[in-house]
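# Descriptive analysis of the structure
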Amino acid sequence: MIPFRVTLQSGIPVHEQVAFEAKKAMISGRLRPGDPFPSVRTLSKAMKIHPNTAQKVVAQLTAEGLLEVRPGIGTVVLAPPPGTRTERGQLLGREVEQLTVEAKKLGLSRQELHDAIDEHWLKLEPALKERP
C-alpha cells in the first residue's frame, strides 16, 4: 500500500510530482522515520508509472537525504537532516522564488500570499501535532 496519492498534472515531470507527494506524506506524519518506503516495483504498479520513473523518485528522495536503501531490508524513511535555520531556509530558495513569481503573476499581495501559506500550513499542522 502506498501512503500517498498523486493526481498527475501535465507539464510537470512525473517523478517530481510523485516525490513531492511522498515528501508531503513524510511531513504530515503518514510516513515516519524508520517506515518502509515502497519498492520501485510496488511504486511503479501502484502509481501506474514506468519503473524507471519510480527509480528516479527513489533516487531523488535518497539524494535529498529522506530515504535510505538498506540491502536485504529495503528502502526506509529517514529523519529529516539537521541543519541551521538558515541552511533549511536556503533549501527552499528556488521554491520560494517560484511561488513568489507565480503569486505576482496572479496579482496577489504579500498579505494574500502569506494568508495562502498560512492556510496550507494549518492543514498540515494537526498531523504534525500527532507525531510522537
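Just above, that's the structure.
Okay, so let's go over this structure. Keep in mind the model is a prediction, meaning the values are calculated, not measured.

### Here we look at unusual backbone geometry
Here lysine 48, not a glycine, exhibits a phi torsion of approximately 55°, which is positive. Within the element layout of this structure, lysine 48 appears in the loop between helix 2 (40–47) and helix 3 (51–63).

### Comments concerning the sheet that holds strand 2 (residues 67–70)
One open sheet accounts for three strands, arranged 1-3-2; its pairing is antiparallel. Only two strands of the sheet have a single partner each, and these edge strands are strand 1 (36–37) and strand 2. Inspection of the sheet shows strand 1 paired to strand 3 (residues 74–77) by two bridges, in the antiparallel sense. The residue bridging phenylalanine 37 from the neighbouring strand is threonine 75, located in strand 3.

### What about the pattern of salt bridges?
On inspection of all chains with the given rule, the structure shows four salt bridges. Linking lysine 24 and glutamate 21 is a salt bridge whose minimum nitrogen-to-oxygen distance equals 3.5 Å. In this pair, lysine 24 and glutamate 21 both sit in helix 1 (residues 14–28), three residues apart, roughly one turn of the helix. According to the relative accessible area criterion, lysine 24 is partly exposed, its value standing at 31%. Its relative accessible area of 18% is what places glutamate 21 among the buried residues. Taking the shortest distance from any N to any O, the salt bridge between glutamate 68 and arginine 70 comes out at 2.6 Å.

### Details of the packing of aromatic side chains
Inspection of every chain in the model, using the stated rule, returns one aromatic pair. A centroid spacing of 6.2 Å and a plane angle of 25° characterise the contact between phenylalanine 4 and phenylalanine 37, whose relative ring orientation is stacked. Placement of the pair is phenylalanine 4 in the segment before helix 1 and phenylalanine 37 in strand 1, with a sequence separation of 33 residues. Residues phenylalanine 4 and phenylalanine 37 agree in their burial class; the two are buried.

### Looking at the packing of helix 1 against helix 3
The contact between helix 1 and helix 3 brings their axes to 9 Å, and the two run at 50°. Here helix 3 runs oblique to helix 1, going by the angle between their axes. By crossing handedness, the relation of helix 1 to helix 3 is classed as right-handed. For the pair helix 1 and helix 3, contact is made by Val14, His15, Glu16, Val18, Ala19, Ala22, Lys23 and Met26 and by Thr53, Lys56, Val57, Gln60 and Leu61, respectively. Residue composition of the contact of helix 1 with helix 3, grouped by class: seven nonpolar, three polar and three charged.

### Details of the environment of valine 77
The topology assignment puts valine 77 in strand 3. Judged by relative accessible area, valine 77 falls into the buried class, the value being 3%.

### Digging into helix 1
Helix length check: helix 1 (15 residues) gives 21 Å between terminal C-alpha atoms against 21 Å at 1.5 Å per residue, within 8%. Along helix 1, the residues classified as buried are His15, Gln17, Val18, Ala19, Glu21, Ala22, Ala25, Met26 and Ser28. Backbone geometry just downstream of helix 1 places glycine 29 in the positive-phi region, at approximately 95°.

Conventions we followed
Residues numbered from 1 in each chain as written. Predicted model: local features only at pLDDT ≥ 70, side-chain atom pairs only at ≥ 80, totals over all residues. Heavy atoms only, no water. Helix = DSSP H or I, 4+ residues; strand = E, 2+ residues; numbered from the N terminus. Pairing = 2+ DSSP bridges. Salt bridge = Lys/Arg side-chain N within 4 Å of Asp/Glu carboxyl O. Buried < 20%, exposed > 50% of the residue type's maximum accessible area, 1.4 Å probe, protein only. Phe/Tyr/Trp six-rings, centres within 6.5 Å; stacked < 30°, edge-to-face > 60°. Axes fitted to C-alpha atoms, helices over the stretch in contact; angles between N-to-C directions. Parallel < 35°, antiparallel > 145°, perpendicular 65-115°, else oblique. Left-handed = near helix turned anticlockwise from the far one by under 90°. Contact = heavy atoms within 4.5 Å. Nonpolar A, V, L, I, M, F, W, Y, C, P; charged D, E, K, R; others polar. Expected span 1.5 Å × (residues − 1).

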